[in-house]
Amino acid sequence: MIRWLVGLIGLALAATQALAADPIEIGLGYLGVAGTKSTLSLVEQPTQNDGVAGANLAIEDNNTTGKFLNQHFTLEERRIKEGEDPVQAATALAEKNSFIILDLPADALLKVSDALRDRGTLLFNAGAIDERLREADCRANVIHSAPTRSMLADALGQYLVWKKWSRWLLVVGSHDQDKLYADALRRAASRFGAKIVQERTFEDTGGARRTDSGVTLIQRQMPVFTQQAPAYDVLVAADESEVFAAYLPYRTWDPRPVAGSAGLVARSWDAAQDQWGATQMQNRFMKLNSRRMTALDMQAWTAVRMIGEATSRTNSGDVKKVTDFIKGPDFSVAAFKGTRLTLRDWNLQLRQPILLVDGRMVVSVSPQEGFLHQVSELDTLGYDRPESKCKLK
(Lines give C-alpha, C1' and ligand atoms only; values in the text may rest on other atoms or scores of the structure.)
Protein backbone atom coordinates (compact mmCIF):
# COMPACT_ATOMS: atom_id res chain seq x y z
CA MET A 1 0.00 0.00 0.00
CA ILE A 2 2.86 2.37 0.89
CA ARG A 3 4.62 1.64 -2.40
CA TRP A 4 1.35 2.27 -4.26
CA LEU A 5 0.85 5.61 -2.51
CA VAL A 6 4.45 6.66 -3.18
CA GLY A 7 4.05 5.75 -6.85
CA LEU A 8 0.78 7.64 -7.06
CA ILE A 9 2.34 10.73 -5.50
CA GLY A 10 5.26 10.47 -7.93
CA LEU A 11 2.90 10.35 -10.89
CA ALA A 12 0.96 13.31 -9.56
CA LEU A 13 4.14 15.34 -9.13
CA ALA A 14 5.32 14.42 -12.62
CA ALA A 15 1.95 15.40 -14.08
CA THR A 16 2.01 18.69 -12.17
CA GLN A 17 5.49 19.49 -13.44
CA ALA A 18 4.49 18.54 -16.99
CA LEU A 19 1.41 20.74 -16.89
CA ALA A 20 3.50 23.64 -15.66
CA ALA A 21 5.66 23.50 -18.81
CA ASP A 22 4.60 24.39 -22.33
CA PRO A 23 3.05 21.39 -24.09
CA ILE A 24 5.03 19.43 -26.66
CA GLU A 25 3.61 20.34 -30.06
CA ILE A 26 3.28 17.37 -32.43
CA GLY A 27 2.35 18.38 -35.96
CA LEU A 28 0.73 16.01 -38.45
CA GLY A 29 0.07 16.65 -42.12
CA TYR A 30 -2.62 15.14 -44.31
CA LEU A 31 -2.05 15.01 -48.07
CA GLY A 32 -4.80 13.83 -50.39
CA VAL A 33 -6.20 14.35 -53.87
CA ALA A 34 -8.79 17.06 -54.50
CA GLY A 35 -12.22 16.06 -55.76
CA THR A 36 -14.19 12.85 -55.47
CA LYS A 37 -15.00 9.97 -57.79
CA SER A 38 -18.66 9.26 -58.46
CA THR A 39 -19.98 5.79 -57.61
CA LEU A 40 -22.82 3.82 -59.18
CA SER A 41 -24.91 4.01 -56.02
CA LEU A 42 -26.29 7.41 -55.05
CA VAL A 43 -26.33 6.38 -51.39
CA GLU A 44 -22.56 5.73 -51.30
CA GLN A 45 -21.22 8.93 -52.84
CA PRO A 46 -17.89 9.92 -51.22
CA THR A 47 -17.61 13.28 -49.49
CA GLN A 48 -14.95 15.96 -49.77
CA ASN A 49 -13.64 15.18 -46.28
CA ASP A 50 -13.48 11.41 -46.73
CA GLY A 51 -10.41 10.24 -44.85
CA VAL A 52 -9.42 13.51 -43.23
CA ALA A 53 -12.58 13.41 -41.11
CA GLY A 54 -11.28 10.24 -39.49
CA ALA A 55 -7.89 11.84 -38.97
CA ASN A 56 -9.50 14.83 -37.24
CA LEU A 57 -11.42 12.53 -34.89
CA ALA A 58 -8.15 10.79 -33.97
CA ILE A 59 -6.53 14.17 -33.31
CA GLU A 60 -9.26 14.78 -30.71
CA ASP A 61 -8.58 11.37 -29.20
CA ASN A 62 -4.83 12.01 -29.10
CA ASN A 63 -5.35 15.39 -27.44
CA THR A 64 -7.59 13.85 -24.78
CA THR A 65 -4.67 11.68 -23.67
CA GLY A 66 -2.18 14.43 -24.45
CA LYS A 67 -3.66 16.70 -21.77
CA PHE A 68 -2.25 14.36 -19.12
CA LEU A 69 1.12 14.01 -20.86
CA ASN A 70 1.53 17.66 -21.86
CA GLN A 71 1.34 16.84 -25.56
CA HIS A 72 -0.70 18.73 -28.14
CA PHE A 73 -1.50 17.41 -31.63
CA THR A 74 -2.43 19.46 -34.69
CA LEU A 75 -3.41 18.45 -38.23
CA GLU A 76 -2.68 20.43 -41.40
CA GLU A 77 -4.51 19.35 -44.55
CA ARG A 78 -3.49 19.83 -48.17
CA ARG A 79 -5.22 18.62 -51.34
CA ILE A 80 -3.56 18.45 -54.73
CA LYS A 81 -5.42 18.90 -57.99
CA GLU A 82 -4.81 16.92 -61.16
CA GLY A 83 -1.43 17.89 -62.60
CA GLU A 84 -0.08 19.37 -59.37
CA ASP A 85 3.21 18.14 -57.95
CA PRO A 86 2.65 15.92 -54.88
CA VAL A 87 6.30 16.28 -53.85
CA GLN A 88 6.02 20.06 -53.61
CA ALA A 89 2.88 19.78 -51.46
CA ALA A 90 4.43 17.10 -49.24
CA THR A 91 7.63 19.09 -48.80
CA ALA A 92 5.63 22.13 -47.69
CA LEU A 93 3.82 19.97 -45.12
CA ALA A 94 7.11 18.48 -43.92
CA GLU A 95 8.42 21.96 -43.12
CA LYS A 96 6.16 22.09 -40.05
CA ASN A 97 5.08 18.46 -39.52
CA SER A 98 7.16 15.41 -38.65
CA PHE A 99 4.40 12.96 -39.61
CA ILE A 100 2.27 12.96 -42.79
CA ILE A 101 -0.82 10.89 -43.55
CA LEU A 102 -1.04 10.11 -47.27
CA ASP A 103 -4.08 9.31 -49.39
CA LEU A 104 -2.36 9.22 -52.77
CA PRO A 105 -2.07 6.87 -55.76
CA ALA A 106 0.87 4.49 -55.60
CA ASP A 107 3.15 6.35 -58.04
CA ALA A 108 2.64 9.70 -56.29
CA LEU A 109 3.20 8.10 -52.90
CA LEU A 110 6.54 6.66 -54.03
CA LYS A 111 7.68 10.04 -55.32
CA VAL A 112 6.82 11.64 -51.98
CA SER A 113 8.51 8.94 -49.91
CA ASP A 114 11.73 9.13 -51.94
CA ALA A 115 11.76 12.94 -51.82
CA LEU A 116 11.32 13.04 -48.03
CA ARG A 117 13.55 10.10 -47.15
CA ASP A 118 16.51 12.16 -45.96
CA ARG A 119 14.31 14.56 -43.96
CA GLY A 120 13.34 11.89 -41.47
CA THR A 121 9.61 12.51 -41.98
CA LEU A 122 7.50 9.46 -41.17
CA LEU A 123 4.75 8.77 -43.71
CA PHE A 124 1.55 6.77 -43.23
CA ASN A 125 -0.23 5.29 -46.23
CA ALA A 126 -3.93 5.47 -45.39
CA GLY A 127 -5.35 5.04 -48.88
CA ALA A 128 -3.37 2.97 -51.40
CA ILE A 129 -4.02 -0.78 -51.31
CA ASP A 130 -1.44 -1.64 -54.00
CA GLU A 131 0.60 -4.73 -53.19
CA ARG A 132 3.79 -3.35 -54.72
CA LEU A 133 4.03 -0.65 -52.03
CA ARG A 134 4.60 -3.46 -49.51
CA GLU A 135 6.63 -5.67 -51.85
CA ALA A 136 9.06 -4.63 -54.61
CA ASP A 137 8.47 -0.91 -54.02
CA CYS A 138 8.38 -0.92 -50.22
CA ARG A 139 9.97 2.00 -48.38
CA ALA A 140 11.37 2.21 -44.85
CA ASN A 141 9.74 5.61 -44.22
CA VAL A 142 6.19 4.48 -45.13
CA ILE A 143 3.90 2.65 -42.70
CA HIS A 144 0.68 1.22 -44.11
CA SER A 145 -2.57 1.50 -42.16
CA ALA A 146 -4.57 0.68 -45.31
CA PRO A 147 -4.90 -3.05 -46.03
CA THR A 148 -3.64 -4.58 -49.26
CA ARG A 149 -5.69 -6.10 -52.07
CA SER A 150 -4.39 -9.52 -51.05
CA MET A 151 -5.58 -9.00 -47.47
CA LEU A 152 -9.06 -8.07 -48.71
CA ALA A 153 -9.16 -10.95 -51.19
CA ASP A 154 -7.89 -13.47 -48.62
CA ALA A 155 -10.48 -12.30 -46.08
CA LEU A 156 -13.24 -12.89 -48.63
CA GLY A 157 -11.74 -16.15 -49.85
CA GLN A 158 -11.52 -17.61 -46.35
CA TYR A 159 -15.20 -16.96 -45.72
CA LEU A 160 -16.34 -18.37 -49.06
CA VAL A 161 -14.31 -21.52 -48.49
CA TRP A 162 -15.57 -21.77 -44.90
CA LYS A 163 -19.11 -21.63 -46.33
CA LYS A 164 -18.06 -24.37 -48.80
CA TRP A 165 -18.76 -22.06 -51.73
CA SER A 166 -15.62 -23.26 -53.46
CA ARG A 167 -16.63 -22.93 -57.12
CA TRP A 168 -16.24 -19.34 -58.27
CA LEU A 169 -17.33 -17.58 -61.45
CA LEU A 170 -14.87 -14.68 -61.70
CA VAL A 171 -15.96 -11.55 -63.59
CA VAL A 172 -13.23 -8.97 -64.14
CA GLY A 173 -13.47 -5.36 -65.26
CA SER A 174 -11.34 -4.01 -68.07
CA HIS A 175 -9.35 -1.43 -66.06
CA ASP A 176 -5.90 -1.98 -64.55
CA GLN A 177 -7.05 -1.83 -60.92
CA ASP A 178 -9.76 -4.40 -61.69
CA LYS A 179 -7.10 -6.77 -63.02
CA LEU A 180 -4.97 -6.27 -59.91
CA TYR A 181 -7.89 -7.23 -57.66
CA ALA A 182 -8.57 -10.22 -59.92
CA ASP A 183 -4.94 -11.33 -59.41
CA ALA A 184 -5.46 -11.16 -55.65
CA LEU A 185 -8.68 -13.17 -55.91
CA ARG A 186 -6.97 -15.86 -58.02
CA ARG A 187 -4.23 -16.07 -55.40
CA ALA A 188 -6.82 -16.41 -52.62
CA ALA A 189 -8.59 -19.20 -54.51
CA SER A 190 -5.31 -21.06 -54.94
CA ARG A 191 -4.31 -20.58 -51.29
CA PHE A 192 -7.54 -21.76 -49.74
CA GLY A 193 -8.64 -24.49 -52.11
CA ALA A 194 -11.32 -22.78 -54.18
CA LYS A 195 -11.69 -23.32 -57.93
CA ILE A 196 -12.38 -20.62 -60.49
CA VAL A 197 -14.62 -22.50 -62.93
CA GLN A 198 -14.57 -19.70 -65.50
CA GLU A 199 -13.46 -16.10 -65.99
CA ARG A 200 -15.32 -13.43 -67.90
CA THR A 201 -14.37 -9.85 -68.73
CA PHE A 202 -16.80 -6.94 -68.56
CA GLU A 203 -15.62 -4.30 -71.01
CA ASP A 204 -16.18 -0.68 -70.03
CA THR A 205 -17.58 0.94 -73.17
CA GLY A 206 -18.03 4.35 -71.56
CA GLY A 207 -21.21 6.41 -71.66
CA ALA A 208 -23.21 8.09 -68.94
CA ARG A 209 -23.83 5.41 -66.34
CA ARG A 210 -27.24 6.48 -65.18
CA THR A 211 -28.76 7.98 -68.33
CA ASP A 212 -27.49 5.23 -70.64
CA SER A 213 -28.01 2.31 -68.24
CA GLY A 214 -31.60 2.36 -67.11
CA VAL A 215 -33.22 -0.37 -65.04
CA THR A 216 -34.79 -2.03 -68.08
CA LEU A 217 -31.50 -2.23 -69.98
CA ILE A 218 -29.55 -3.55 -66.97
CA GLN A 219 -32.28 -6.08 -66.17
CA ARG A 220 -31.86 -7.51 -69.65
CA GLN A 221 -28.08 -7.17 -69.94
CA MET A 222 -26.86 -8.83 -66.75
CA PRO A 223 -28.76 -12.14 -67.09
CA VAL A 224 -27.49 -12.51 -70.65
CA PHE A 225 -23.93 -11.66 -69.61
CA THR A 226 -23.92 -14.32 -66.87
CA GLN A 227 -25.79 -17.16 -68.62
CA GLN A 228 -24.34 -20.47 -69.84
CA ALA A 229 -21.66 -20.51 -67.14
CA PRO A 230 -20.32 -23.78 -65.72
CA ALA A 231 -21.86 -24.78 -62.40
CA TYR A 232 -20.69 -22.36 -59.73
CA ASP A 233 -21.48 -21.50 -56.10
CA VAL A 234 -20.77 -17.76 -56.07
CA LEU A 235 -20.05 -15.03 -58.60
CA VAL A 236 -16.97 -13.05 -57.57
CA ALA A 237 -16.58 -9.63 -59.21
CA ALA A 238 -13.37 -7.60 -59.56
CA ASP A 239 -14.60 -4.08 -60.32
CA GLU A 240 -12.60 -1.46 -58.41
CA SER A 241 -13.35 1.00 -61.20
CA GLU A 242 -17.07 0.95 -60.26
CA VAL A 243 -18.49 0.12 -63.68
CA PHE A 244 -20.66 -2.98 -63.40
CA ALA A 245 -20.47 -4.97 -60.15
CA ALA A 246 -23.23 -3.08 -58.34
CA TYR A 247 -25.64 -4.19 -61.08
CA LEU A 248 -24.98 -7.92 -60.54
CA PRO A 249 -26.90 -8.86 -57.34
CA TYR A 250 -30.37 -10.28 -58.09
CA ARG A 251 -29.76 -10.02 -61.84
CA THR A 252 -27.55 -13.04 -62.62
CA TRP A 253 -28.93 -15.78 -64.86
CA ASP A 254 -28.55 -18.41 -62.12
CA PRO A 255 -29.73 -17.66 -58.58
CA ARG A 256 -26.31 -17.32 -56.96
CA PRO A 257 -24.78 -14.95 -54.38
CA VAL A 258 -22.42 -12.19 -55.51
CA ALA A 259 -19.19 -11.22 -53.73
CA GLY A 260 -16.05 -9.19 -54.29
CA SER A 261 -16.79 -5.65 -55.50
CA ALA A 262 -20.53 -5.99 -54.79
CA GLY A 263 -22.81 -8.12 -52.64
CA LEU A 264 -20.49 -9.43 -49.94
CA VAL A 265 -17.57 -6.98 -49.81
CA ALA A 266 -14.32 -7.07 -47.82
CA ARG A 267 -13.44 -3.77 -46.10
CA SER A 268 -11.24 -2.53 -43.30
CA TRP A 269 -14.25 -0.72 -41.80
CA ASP A 270 -17.95 -0.21 -42.38
CA ALA A 271 -20.71 2.00 -40.99
CA ALA A 272 -22.45 -1.17 -39.79
CA GLN A 273 -19.60 -2.18 -37.47
CA ASP A 274 -20.95 -2.18 -33.91
CA GLN A 275 -18.86 -4.77 -32.07
CA TRP A 276 -16.02 -4.29 -29.56
CA GLY A 277 -17.06 -0.77 -28.56
CA ALA A 278 -17.35 0.45 -32.14
CA THR A 279 -20.80 1.97 -31.54
CA GLN A 280 -19.39 4.80 -29.42
CA MET A 281 -16.79 5.44 -32.13
CA GLN A 282 -19.47 5.54 -34.82
CA ASN A 283 -21.65 7.87 -32.73
CA ARG A 284 -18.81 10.32 -32.08
CA PHE A 285 -17.94 10.38 -35.77
CA MET A 286 -21.57 10.93 -36.76
CA LYS A 287 -21.92 13.79 -34.27
CA LEU A 288 -18.88 15.55 -35.72
CA ASN A 289 -19.53 14.95 -39.43
CA SER A 290 -23.26 14.23 -39.89
CA ARG A 291 -22.41 11.14 -41.94
CA ARG A 292 -21.22 7.58 -41.49
CA MET A 293 -17.60 6.55 -41.12
CA THR A 294 -15.96 5.00 -44.20
CA ALA A 295 -13.04 2.61 -44.54
CA LEU A 296 -10.77 5.49 -45.58
CA ASP A 297 -11.84 7.48 -42.52
CA MET A 298 -10.91 4.54 -40.31
CA GLN A 299 -7.58 3.97 -42.03
CA ALA A 300 -6.67 7.64 -41.48
CA TRP A 301 -7.95 7.48 -37.88
CA THR A 302 -5.79 4.43 -37.23
CA ALA A 303 -2.69 6.11 -38.66
CA VAL A 304 -3.12 9.14 -36.40
CA ARG A 305 -3.82 6.93 -33.39
CA MET A 306 -0.64 4.95 -34.10
CA ILE A 307 1.28 8.19 -33.74
CA GLY A 308 -0.65 9.09 -30.58
CA GLU A 309 -0.02 5.68 -29.04
CA ALA A 310 3.70 5.87 -29.77
CA THR A 311 4.14 9.41 -28.45
CA SER A 312 2.33 8.56 -25.23
CA ARG A 313 4.33 5.38 -24.70
CA THR A 314 7.66 7.07 -25.40
CA ASN A 315 6.59 10.33 -23.75
CA SER A 316 8.20 12.10 -26.68
CA GLY A 317 7.33 13.81 -29.94
CA ASP A 318 10.75 13.09 -31.42
CA VAL A 319 10.17 11.48 -34.81
CA LYS A 320 13.05 9.01 -34.47
CA LYS A 321 11.92 7.77 -31.06
CA VAL A 322 8.33 7.46 -32.29
CA THR A 323 9.40 5.66 -35.47
CA ASP A 324 11.61 3.21 -33.58
CA PHE A 325 8.82 2.42 -31.14
CA ILE A 326 6.18 1.86 -33.86
CA LYS A 327 8.58 -0.47 -35.69
CA GLY A 328 9.54 -2.23 -32.45
CA PRO A 329 8.11 -5.38 -30.84
CA ASP A 330 6.20 -3.58 -28.07
CA PHE A 331 3.93 -1.52 -30.33
CA SER A 332 0.22 -2.18 -30.74
CA VAL A 333 -2.89 -0.06 -31.23
CA ALA A 334 -6.56 -0.66 -30.42
CA ALA A 335 -9.02 -0.05 -33.25
CA PHE A 336 -12.43 -1.51 -32.25
CA LYS A 337 -11.77 -4.79 -34.10
CA GLY A 338 -11.61 -7.27 -31.26
CA THR A 339 -7.81 -7.47 -31.09
CA ARG A 340 -4.89 -5.08 -30.84
CA LEU A 341 -3.24 -4.35 -34.18
CA THR A 342 0.50 -4.81 -34.66
CA LEU A 343 3.00 -4.07 -37.42
CA ARG A 344 4.59 -6.56 -39.79
CA ASP A 345 8.24 -5.69 -39.39
CA TRP A 346 9.23 -7.07 -42.80
CA ASN A 347 7.09 -4.63 -44.84
CA LEU A 348 5.56 -2.17 -42.31
CA GLN A 349 1.99 -3.30 -43.03
CA LEU A 350 -0.45 -3.05 -40.12
CA ARG A 351 -1.99 -6.40 -39.27
CA GLN A 352 -5.77 -6.08 -38.96
CA PRO A 353 -8.99 -8.07 -39.13
CA ILE A 354 -11.09 -7.47 -42.25
CA LEU A 355 -14.86 -7.01 -42.15
CA LEU A 356 -17.17 -8.75 -44.63
CA VAL A 357 -20.23 -6.58 -45.18
CA ASP A 358 -23.35 -6.54 -47.34
CA GLY A 359 -24.22 -2.84 -47.21
CA ARG A 360 -26.38 -3.11 -44.10
CA MET A 361 -24.70 -5.54 -41.70
CA VAL A 362 -21.32 -7.02 -40.87
CA VAL A 363 -21.75 -10.60 -42.08
CA SER A 364 -18.45 -11.92 -40.72
CA VAL A 365 -14.91 -10.93 -39.72
CA SER A 366 -11.76 -12.56 -41.12
CA PRO A 367 -9.49 -14.34 -40.41
CA GLN A 368 -11.99 -17.15 -40.18
CA GLU A 369 -12.00 -19.92 -37.62
CA GLY A 370 -9.70 -22.78 -38.61
CA PHE A 371 -7.22 -20.74 -40.65
CA LEU A 372 -4.20 -21.07 -38.40
CA HIS A 373 -0.75 -19.47 -38.34
CA GLN A 374 2.34 -20.09 -36.23
CA VAL A 375 2.77 -16.40 -35.31
CA SER A 376 -0.56 -14.58 -35.78
CA GLU A 377 -3.77 -15.65 -37.45
CA LEU A 378 -3.86 -12.14 -38.93
CA ASP A 379 -0.88 -13.18 -41.04
CA THR A 380 -3.15 -15.56 -42.96
CA LEU A 381 -4.40 -12.37 -44.66
CA GLY A 382 -2.04 -11.09 -47.34
CA TYR A 383 1.60 -11.91 -48.05
CA ASP A 384 3.38 -13.62 -45.17
CA ARG A 385 7.03 -13.15 -44.26
CA PRO A 386 8.34 -16.13 -46.32
CA GLU A 387 6.44 -14.84 -49.39
CA SER A 388 7.55 -11.23 -49.13
CA LYS A 389 9.86 -9.62 -51.68
CA CYS A 390 10.18 -6.43 -49.62
CA LYS A 391 13.66 -5.11 -48.84
CA LEU A 392 13.14 -1.94 -46.83
CA LYS A 393 15.31 0.93 -47.97
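Parameters at a glance
- Each chain carries its own residue numbering, running from 1 in the direction its sequence is written.
- Residue-level local features of this predicted model are given only where pLDDT is at least 70; pairs of side-chain atoms are given and counted only at 80 or more, and the full residue set underlies all totals for whole chains, interfaces and linings.
- To obtain the side-chain values, all non-hydrogen atoms of the structure were included, while hydrogens and water were left out.
- For every residue, the accessible area (1.4 Å probe, protein chains only) is compared with the maximum for its type, and the residue is labelled buried under 20%, exposed over 50%, or partly exposed between those bounds.
- Elements are defined by DSSP. Helices are runs of H or I of four residues or more, strands are runs of E of two residues or more, and each kind is numbered from the N terminus.
- The directions considered for the arc run from the helix axis to the C-beta atoms.
- By the convention used here, residues are in contact when the closest approach between their heavy atoms is within 4.5 Å.
- Within 3.5 Å is the distance limit for a polar contact, defined as a pair of N or O atoms, with the added protein rule that one can donate a hydrogen and the other accept it, and that residues adjacent in sequence qualify only through two side-chain atoms.
- Strand pairing is assigned whenever DSSP identifies at least 2 bridges connecting the two strands.
- Whether a crossover is right-handed depends on one test, that the path from the first strand over the helix to the second runs clockwise when the strands point away from the viewer.
- Axes here refer to lines fitted to C-alpha atoms; in helices the fit is confined to the stretch in contact. Angles between the N-to-C directions go from 0 to 180 degrees.

1. Here's the deal with helix α10 (residues 319-327)
- Listing the buried residues of α10 in full gives Val-319, Val-322, Thr-323, Phe-325 and Ile-326. On an axial view of α10, the arc spanned by its buried residues comes to 165°, and they lie on one face. Facing away from the buried surface of α10 by more than 90 degrees, the exposed residues are Lys-320 and Lys-321.
- Close packing links the buried residues of α10 with β3 (99-103), β4 (122-125), β5 (142-144), α9 (295-314) and β11 (343-344).
- Where α10 begins, the side chain of Asp-318 points an oxygen toward the backbone nitrogen of Lys-320, at a separation of 3.2 Å.

2. Some thoughts on the pairing of strand β1 (residues 24-33)
- Of all 10 residues making up β1, 7 are buried, and the element is well covered by its neighbours.
- Here β1 runs beside strand β2 (residues 71-80); their pairing, made up of 10 bridges, is parallel. Bridge pairing in β2 places Gly-29 opposite Glu-76.
- The handedness of the β1 to β2 crossover, carried by helix α2 (residues 52-69), is right-handed.
- Relative to β3, β1 is paired through 5 bridges, and the arrangement is parallel. Bridge pairing in β3 links Leu-28 to Phe-99.

3. Some thoughts on the pairing of β4
- On β4, burial covers both faces: Leu-122 and Phe-124 on one face and Leu-123 and Asn-125 on the other are all buried.
- Note that the unit made of β3, helix α4 (residues 106-115) and β4 has a crossover that is right-handed.
- Pairing between β4 and β5: 3 bridges, direction parallel. When the bridges of β5 are listed, Phe-124 appears paired with Ile-143.

4. A word on the sheet that holds strand β10 (residues 264-267)
- Spatial strand order, β7-β6-β8-β9-β10-β13-β14: 7 strands in an open sheet with mixed pairing. Edge positions in the open sheet fall to β7 (195-202) and β14 (362-366), since each of these has one partner strand only. Taken over all neighbouring pairs, the strand axes of this sheet differ in orientation by 25° on average, direction set aside.
- Bridge count between strand β9 (residues 258-260) and β10: 2 bridges; the pairing is parallel. Bridging across to β10, Gly-260 finds its partner in Val-265.
- The strands touched by helix α5 (residues 149-162) within the sheet are β6 (167-173), β8 (234-238), β9, β10, β13 (354-357) and β14, with β13 carrying the most contacts at an inclination of about 60°.

5. A word on unusual backbone geometry
- A cis geometry characterises the amide bond from Ser-366 onward to Pro-367, with omega recorded as 15°.
- When you line up the elements, Pro-367 lands in the segment after β14.
- Even without a glycine there, the phi angle at Phe-336 is positive, about 60°.
- When you line up the elements, Phe-336 lands in the loop between α10 and β11.
- Although it is not a glycine, Leu-348 adopts a positive phi angle of roughly 65°.

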